[in-house]
Amino acid sequence: PGERPRAIDVARGVFAREGIRGICRGFDAHMLIAPYTVLYYSIYDELLQFQGGGRYAPLSAAIGARTLEVSLRQPLELLRTQL
């Protein structure tokens, strides 16, 4: 197999073909997605407090928080990949 391209080589190729717009494509949608990490931790904390100190409370809070966060974020991920 041949040598794999380095990230800088790929970035140079994209810049040569598409300019700065090619480099920044999808950045705006990514900035809409970034706050969902804060949403996940907020939901997780609320669910953890709601469940009390049960043995499996951290696991079920994580599952519930991630499920809700991904359900809200997935349409934006789809939009980002289409850009």
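Higher on the page you've got the structure.
Residues numbered from 1 in each chain as written. Predicted model: local features only at pLDDT ≥ 70, side-chain atom pairs only at ≥ 80, totals over all residues. Heavy atoms only, no water.

### Some details on the pattern of salt bridges
- Inspection of every chain in the model, using the stated rule, returns three salt bridges.
- Among the salt bridges present, the one from R6 reaches D9, with a minimum N-O distance of 3.4 Å.
- The exposure class of D9 is partly exposed, given its relative accessible area of 34%.
- In this structure, E69 and R73 form a salt bridge, with 2.6 Å as the shortest nitrogen-oxygen distance. In this pair, E69 and R73 are both assigned in helix α5 (residues 57-82), four residues apart and thus about one turn of the helix distant. Comparing E69 with R73, the two get one shared label, buried.
- Linked by salt bridges that have partners in common, R66, E69 and R73 make up one network. (Salt bridge = Lys/Arg side-chain N within 4 Å of Asp/Glu carboxyl O. Buried < 20%, exposed > 50% of the residue type's maximum accessible area, 1.4 Å probe, protein only. Helix = DSSP H or I, 4+ residues; strand = E, 2+ residues; numbered from the N terminus.)

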